[in-house]
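Okay, here's what each chain looks like letter by letter:
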Amino acid sequence: MLCIVQKKEIQACLAEKPKHPPNEYNLFIKANLRMLKSQHPELTWAELLRKAGKKYKLLSAESKAVYKQLATWAKAELLRKAGKKYKLLSAESKAVYKQLATWAKVDYNEQMKQYS
């Protein structure tokens, strides 16, 4: 029963975990989807996304580099916020994350034994 309580605590901590930062493609889509919708109001969202994806593929390397840099900044900002949040956690909360890491390591080692 103690193990179940610990897993529930871990799930509660993971619920507070931030989302992944957007990649360059996501940033491009977010920046251009509304413009495409205003230009082509008759298209469905799926068709708009398809059109935006094709437009992204046609971008030059220099244009993609701008979105790549924005994605790098977004990732750095997310990591900075996550680091501050982790530092503010109590020792008990940090212990939950350490236990989760331990369980993940044990699961990984057990899976690797199958292949050796």
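Description of the structure in this document. (Residues numbered from 1 in each chain as written. Predicted model: local features only at pLDDT ≥ 70, side-chain atom pairs only at ≥ 80, totals over all residues. Heavy atoms only, no water.)

**Quick word on the overall build of the chain**
A count of helices and strands for the chain gives five helices and zero strands. The secondary structure elements of the chain, listed N-terminal to C-terminal, are α-α-α-α-α. Looking at the chain as a whole, 14% of its 116 residues qualify as buried. Relative to all contacts within the chain whose residues are 6 or more apart in sequence, the contacts with residues 24 or more apart total 62%. Surface exposure of the chain reaches about 9500 Å², of which carbon and sulfur atoms provide 61%. (Helix = DSSP H or I, 4+ residues; strand = E, 2+ residues; numbered from the N terminus. Buried < 20%, exposed > 50% of the residue type's maximum accessible area, 1.4 Å probe, protein only. Contact = heavy atoms within 4.5 Å. Areas by Shrake-Rupley, 256 points an atom, 1.4 Å probe, with all protein chains shown as cover.)

**So, helix H2 (residues 24-39)**
For H2, with 16 residues, the first-to-last C-alpha span of 23 Å sits near the 22 Å given by 1.5 Å per residue. Its axis deflected by about 40° at Asn32, H2 carries its strongest bend there. Listed as buried for H2 are Leu27, Phe28, Ile29, Asn32, Leu33 and Leu36. (Expected span 1.5 Å × (residues − 1). Bend = angle between axes of the 7 residues up to and from the residue.)

**Considerations on the packing of H2 against helix H3 (residues 45-57)**
The interhelical angle for the contact between H2 and H3, taken along N-to-C directions, is 120°, at an axis separation of 9 Å. The pairing of H2 with H3 is recorded here as oblique in orientation. Read as a crossing pair, H2 and H3 show a hand that is right-handed. Along the contact surface, H2 presents Glu24, Tyr25, Phe28, Ile29, Asn32, Leu33, Met35, Leu36 and Lys37, while H3 presents Trp45, Leu48, Leu49, Lys51, Ala52, Gly53, Lys55 and Tyr56. Of the residues in the contact of H2 with H3, the class split is 11 nonpolar, two polar and four charged. (Axes fitted to C-alpha atoms, helices over the stretch in contact; angles between N-to-C directions. Parallel < 35°, antiparallel > 145°, perpendicular 65-115°, else oblique. Left-handed = near helix turned anticlockwise from the far one by under 90°. Nonpolar A, V, L, I, M, F, W, Y, C, P; charged D, E, K, R; others polar.)

So yeah, pure geometry; function would need other evidence.
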